[in-house]
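Residue-level structural notes
Residues per chain, in single letters:
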Amino acid sequence: MPKKMHITLTVNGKEEEFLAEPRELLIYTLRERLNITGPHIGCETSHCGACTVTIGGKSVKSCTMFVAQADGADITTIEGIGGPDNLHPLQEAFKEHHGLQCGYCTPGMITRATKLLEEIPNPTEEEIRFGMAGNLCRCTGYQNIVKSIQAAAAEMSAAKEAAE
Amino acid sequence: MIPAAFEYYRPKDMEGVLSLLAEHGDEARVMAGGHSLIPMMKLRMADVPHLIDLQDVGGLSDIEVGTDSIRIGAMVTQSDIITHEGLATAAPILREAALQIADPQVRYMGTVGGNVANGDPGNDMPGLMQCLDATFHLIGADGTRDVPARDFYEAAYMTAREDEEVLTAVTIPLLKGGHAYEKQKRKIGDYATAAAAVQIVNEGGTCAAASIAMTNLSDTPIYSQAACDALVGTSVDDSAIKAAMAAMLGDIDPSEDNRGPVAFKKHVAGIILRRAIERAWSRA
């Protein structure tokens, strides 16, 4: 048996400790070990973005990171962004603007979009398409994904202005 | 996809990295962002019994914009390049090229050092570094040494870096004139069907100096001296550009793959070089 490592992760604010082989891919750690099944496995080859999570302020494809690399990391998944009782403005906007069809890519889309809107709070359509280029939708529902992100950006900016 | 098992190390300093490389030789590989290496390990096309993660090694993530050169640490990411304010003024071509690499998620992880050291002919930074006449800094058991980017690439995945050496930084001399990095790809995230890096100096309407390198059109990046020579002394008119395109086509050696047959790649290479020359000249 290959040697296991002692791993500590913070996922959605909760500390997790376990033993794992270094080669375990982070997406499997999240889904199968920690039962955090929001991040999806689409292509498993760094292309589709369904497995996107946020690590240390970066959008990361969790199929392309070994759990050993993530040891000590602070990870946010879709579960940490919002839930049925407290939808994030992006989740609300995807719901309102039909930003999902089958929904498989949606956790990755929304997780990536949270980071995009942090970096560019009021993006143009072109900036959204470029900033979301690492996430694929096999239903090809991109028009409404863009609309949803635009709507969420407007909502979040208005809320921020109201708070100031 | 489950890669073969490996021993994982995360040394705190370069001394620790070098001693692991000395101990394990070609059974060990260093990893920066991992976005070239991990996919190859998942496919079991790369066998890495000892994986050395560089993320805790200090001093590899700095960007220093000096008066006569720019030094970029090996662990600087493509995303760092894109957002760095000093580079935006001193070397906007780096940002232009980095934005054409992969996608946002990959650019957060992918590093300049990994991109140039990996030796994948599809990577974009090697051609750009050859165009800008960059120097690569290596460290090994016997100390440090410098290798010009134009002498670094030997064949696909074969470079002047020895197995027990680590690429720590690249230095780019002060940029001159106008620049462009033009890339044709089938889709976002793809490697180039053809790409061209051009630096060109305009003195009173005459091309005083030019440097041209091509990406993914041979098993290494190709610095085309003949294409440069075809431009120098001209007004970069249509006949000079055609001469540069013809000279470049004599230097590349593309092979057929899922991006197209050889004739198509040569056709695209010519068009991409024309666009890059025209854009660089308009900025010179």
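On a predicted model such as this, the values are computed, not experimentally measured, just so you know. (Residues numbered from 1 in each chain as written. Chains lettered and ligands numbered in written order. Predicted model: local features only at pLDDT ≥ 70, side-chain atom pairs only at ≥ 80, totals over all residues. Heavy atoms only, no water.)

**Remarks on the overall build of chain B**
Along chain B, the regular secondary structure elements total 12 helices and 14 strands. For 284 residues, the compact-globule formula gives about 19 Å, and the C-alpha radius of gyration of chain B, at 19 Å, lands near that figure. Expressed as a percentage of its 284 residues, the buried residues of chain B come to 56%. A sequence separation of at least 24 residues applies to 61% of the contacts in chain B between residues at least 6 apart. (Helix = DSSP H or I, 4+ residues; strand = E, 2+ residues; numbered from the N terminus. Rg over C-alpha atoms; globule rule 2.2 N^0.38 Å. Buried < 20%, exposed > 50% of the residue type's maximum accessible area, 1.4 Å probe, protein only. Contact = heavy atoms within 4.5 Å.)

**Notes on the environment of glutamate 85 of chain B**
Residue and element names in this part refer to chain B. Within the secondary structure layout, glutamate 85 lies in helix α4 (residues 85-90). Since its relative accessible area comes to 69%, glutamate 85 is described here as exposed. C-alpha separation for the pair glutamate 85 and arginine 95, spaced 10 residues apart in sequence, amounts to 10 Å.

**Side note on the packing of aromatic side chains**
Residues and elements named next belong to chain B. What the rule picks out here adds up to four aromatic pairs over all chains. Ring geometry for phenylalanine 136 and tyrosine 153: centres 6.2 Å apart, planes at 85 degrees, overall edge-to-face. Residue phenylalanine 136 is found in strand β6 (residues 135-140), and its partner tyrosine 153 is found in strand β8 (residues 153-155); the two are separated by 17 residues along the sequence. Across this residue pair, the class does not change: phenylalanine 136 and tyrosine 153 are buried. Ring pairs connect the aromatic residues Phe136, Phe152 and Tyr153, which therefore count as one cluster. Cation over ring: arginine 150 sits above tyrosine 223, and NZ or CZ is 3.8 Å from the ring centre. (Phe/Tyr/Trp six-rings, centres within 6.5 Å; stacked < 30°, edge-to-face > 60°. Lys NZ or Arg CZ within 6 Å of the ring centre and 35° of its normal.)

**Re the environment of valine 65 of chain B**
All names here are of chain B. By secondary structure assignment, the location of valine 65 is in strand β4 (residues 63-65). Assessed through its relative accessible area of 37%, valine 65 is described here as partly exposed. With 46 residues separating them in the primary sequence, valine 65 and serine 19 have C-alpha atoms 31 Å apart. Ignoring sequence-local partners within four residues, the contact set of valine 65 consists of Ile70, His84, Gly86, Leu87 and Ala90.

**Quick word on the sheet that holds strand β10 (residues 166-173) of chain B**
Residue and element names in this part refer to chain B. With antiparallel pairing, five strands are arranged side by side in an open sheet as β4-β5-β10-β6-β7. Strands with a single pairing partner mark the edges of an open sheet, and in this sheet they are β4 and β7 (143-148). On average, each strand axis in the sheet is inclined to that of its neighbour by 20 degrees, with strand direction left out of account. Direction of pairing for β6 relative to β10: antiparallel, over a ladder of five bridges. Bridging across to β10, isoleucine 139 finds its partner in valine 166. Sheet contacts for helix α1 (residues 14-24): β6 and β10; angle to β10, the most-contacted strand, approximately 125 degrees. (Pairing = 2+ DSSP bridges. Axes fitted to C-alpha atoms, helices over the stretch in contact; angles between N-to-C directions.)

**Concerning the environment of alanine 74 of chain B**
All names here are of chain B. Summarising the element assignment, alanine 74 is placed in the loop between β5 (69-73) and α3 (78-83). Among the residues examined, alanine 74 registers a relative accessible area of 5% and is labelled buried. Considered as a pair, alanine 74 and glycine 189 are 115 residues apart in the sequence and their alpha carbons are 22 Å apart.

**Describing the sheet that holds strand β11 (residues 178-184) of chain B**
Strand pairing in a sheet takes place through backbone hydrogen bonds and is either antiparallel or parallel in direction. Residue and element names in this part refer to chain B. Strands sit in the order β11-β12-β13-β14 across an open sheet of four strands; the sheet is antiparallel. Two strands lie at the open edges of the sheet, namely β11 and β14 (222-223), each paired on one side alone. Pairing analysis gives two bridges linking strand β13 (residues 206-215) to β14, with the strands arranged antiparallel. Considered in β14, the bridge of methionine 214 is made with isoleucine 222.

**Looking at the domain arrangement of chain A**
Interface size is commonly expressed as the accessible surface area that is lost when the partners come together. Residue and element names in this part refer to chain A. Looking at chain A, the domain boundaries give domain 1 (5-81) and domain 2 (89-159). Across the contact, 18 residues belong to domain 1 and 13 residues belong to domain 2. By the criterion of area lost to domain 2, the three top residues of domain 1 are His40, Ile78 and Ile81, representing 36% of everything that side buries. For the pair domain 1 and domain 2, the number of links is seven residue pairs in polar contact (both at pLDDT 80 or more). Listing elements by their share of the side of domain 1 that touches domain 2, those giving two or more residues are β3 (52-55), β4 (58-61) and α3 (78-81). Ranked by residue count, the leading element in the side of domain 1 that touches domain 2 is β3, at three residues. Classifying every residue of the side of domain 1 that touches domain 2 gives six nonpolar, 11 polar and one charged. (Domains from an automatic or database assignment. Buried area = accessible area lost by both parts, 1.4 Å probe. Polar contact = N/O pair within 3.5 Å; in protein donor to acceptor, adjacent residues only side chain to side chain. Nonpolar A, V, L, I, M, F, W, Y, C, P; charged D, E, K, R; others polar.)

**Overview of helix α11 (residues 238-251) of chain B**
Residues and elements named next belong to chain B. Taking 1.5 Å per residue, 14 residues should reach 20 Å; α11 reaches 20 Å between its end C-alpha atoms and fits that length. Of the residues making up α11, those classed as buried are Ala240, Ile241, Ala244, Met245, Ala247 and Met248. Buried residues in α11, looked at end-on, bunch into an arc of 165 degrees, giving them a common side. With respect to the buried face of α11, the exposed residues turned more than 90 degrees away are Ser239 and Gly250. Looking at the buried residues of α11, the elements they touch are β13, α10 (225-231) and α12 (262-283). (Expected span 1.5 Å × (residues − 1). Arc of directions from axis to C-beta.)

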